[in-house]
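Here are the chains, one letter per residue:
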Amino acid sequence: MKITIACIGRAARAKHDAAQALIEGYRERLPWPVTIREVEDKKAGGSLGERKQREAELLLAACPKGAVLVALDEHGKNLPSRDFAAQLGRWRDGGEAEIAFLIGGADGLDGALLDRVRLKIAFGAMTWPHLLARVLLLEQLYRAWSLLNNHPYHRD
């Protein structure tokens, strides 16, 4: 199964950033190939709705065709790790080859985009910086892989 993380952000990030080191550490540990596609809305202006719509278009363009879309959204489900792993396992076992996780900009994801996703997940009620959200997602992906493969990483 291939994973894409499509996110709104600025491409120019410090290579020595602590969050970036964690991101790369989890990517190296995770047997599933992970591609991070960071996109930026370079058009200035417009209403909030117009900006979110432009971001949605950029995010969708960054996703592989036919991928299962999963949104990280503050109003999404707070899934236990075992349930998240089980869902990924169902998609994998059902023949889904590509899963794309969407991380929106500071104002969240466009409503029309949220209507297109198969799952909306949240990492609790707190607000997380976008780079840390990526770390949390990658850690949960590694934990899910571990659970699905009876690896001792996860402990109840």
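Cut-offs applied
- Residues numbered from 1 in each chain as written.
- Predicted model: local features only at pLDDT ≥ 70, side-chain atom pairs only at ≥ 80, totals over all residues.
- Heavy atoms only, no water.
- Phe/Tyr/Trp six-rings, centres within 6.5 Å; stacked < 30°, edge-to-face > 60°.
- Helix = DSSP H or I, 4+ residues; strand = E, 2+ residues; numbered from the N terminus.
- Buried < 20%, exposed > 50% of the residue type's maximum accessible area, 1.4 Å probe, protein only.

Student: Sorry if this is basic, but what is going on with the packing of aromatic side chains here?
Tutor: The way to describe two aromatic rings as a pair is by their centre distance and the angle between their planes. Across all of its chains, the model carries three aromatic pairs by this definition. Aromatic side chains Phe-84 and Phe-101 sit 6.2 Å apart centroid to centroid with 55° between the ring planes, which places their arrangement in the tilted category. Of the two residues, Phe-84 is situated in helix H3 (residues 81-93) and Phe-101 in strand S4 (residues 98-103); the sequence distance between them amounts to 17 residues. The same class applies to Phe-84 and to Phe-101, which are both buried. Taking the centre distance of 6.0 Å and the plane angle of 25° together, the rings of Tyr-142 and Trp-145 count as stacked. Taken as a pair, Tyr-142 and Trp-145 lie in helix H5 (residues 130-148) at a separation of three residues, close to a single helical turn. Its relative accessible area of 17% is what places Trp-145 among the buried residues. An aromatic cluster of at least three residues, connected via ring pairs, comprises Tyr-26, Tyr-142 and Trp-145.

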